Amino acid sequence: MQEKQRFLACERNWVYFTLIWVAGFWGAYTYLLRGNVFCNAQTGNVVLMGMALGSGHWLEGLYYVIPISAYLLGAFVSELAPNPVKHHLSMR
């Protein structure tokens, strides 16, 4: 008999599809209704900033620095903030 494969909860298909749906929803929502910026796709913000700067629209291009900076700041703060889970539990 074959042994049944065991997966972590975060590796299940329903988690994957839920994350895809949520990311797509928030990306569309923030782009269409919150000032033409992406909340979770910084590549899109960089491309839009490059297009604006390349077209000579300097203020419009600098507008994209705000969400990009907020994303980077959040990433740095989340890594620097103490997290007891990192120190007490072994993770894959």
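Residues numbered from 1 in each chain as written. Predicted model: local features only at pLDDT ≥ 70, side-chain atom pairs only at ≥ 80, totals over all residues. Heavy atoms only, no water.

Asks: For this particular structure, what's the right way to read the overall build of the chain?
Replies: Within the chain, the regular secondary structure consists of five helices and zero strands. Ordering the α and β elements of the chain from the N terminus gives α-α-α-α-α. Here the chain, with 92 residues, has 15% of them falling under the buried criterion. Here the chain displays about 8100 Å² of accessible surface, and carbon together with sulfur accounts for 68% of that area. (Helix = DSSP H or I, 4+ residues; strand = E, 2+ residues; numbered from the N terminus. Buried < 20%, exposed > 50% of the residue type's maximum accessible area, 1.4 Å probe, protein only. Areas by Shrake-Rupley, 256 points an atom, 1.4 Å probe, with all protein chains shown as cover.)

Asks: Which parts of the structure should I look at to understand the packing of aromatic side chains?
Replies: Each aromatic ring pair is specified by the distance between its two centres and by the angle formed by the two planes. Evaluated as defined, the whole model comprises six aromatic pairs. Considering the side-chain rings of Phe-25 and Trp-26, the 5.1 Å spacing of their centres and the 75° angle between planes classify their relative orientation as edge-to-face. For the ring pair Tyr-63 and Tyr-64, a centre distance of 5.7 Å and an interplane angle of 70° mean the geometry is edge-to-face. For Tyr-63, a relative accessible area of 37% corresponds to the partly exposed category. (Phe/Tyr/Trp six-rings, centres within 6.5 Å; stacked < 30°, edge-to-face > 60°.)

Asks: Would you mind going over helix H1 (residues 13-33) with me for this structure?
Replies: At 3.6 residues per turn, the α-helix brings residues three or four places apart onto the same side. Relative to the 30 Å expected for 21 residues at 1.5 Å per residue, H1 spans 30 Å between its end C-alpha atoms, a close match to the ideal helical length. Every buried residue of H1 is accounted for by Val-15, Gly-27 and Thr-30. Angular distribution of buried residues about the axis of H1 spans 95°; they occupy a single face of the element. Seen from the open side of H1, the exposed residues pointing more than 90 degrees away from its buried face are Asn-13, Trp-14, Phe-17, Trp-21, Leu-32 and Leu-33. Phi turns positive, to about 95°, at Gly-35, one or two residues after H1. (Expected span 1.5 Å × (residues − 1). Arc of directions from axis to C-beta.)

Asks: Please explain a nonpolar patch on the surface as it appears in this structure.
Replies: Nonpolar side chains collect at one region of the surface, where Trp-21, Val-22, Phe-25 and Trp-26 lie side by side and expose about 430 Å² of accessible area between them. As for its position among the elements, Trp-26 is in helix H1. Note on Trp-26: relative accessible area 40%, which makes it partly exposed. (Patch = residues over 30% accessible without salt bridge, like charges linked within 9 Å, V, L, I, M, F, W, Y side chains within 5 Å. Salt bridge = Lys/Arg side-chain N within 4 Å of Asp/Glu carboxyl O.)

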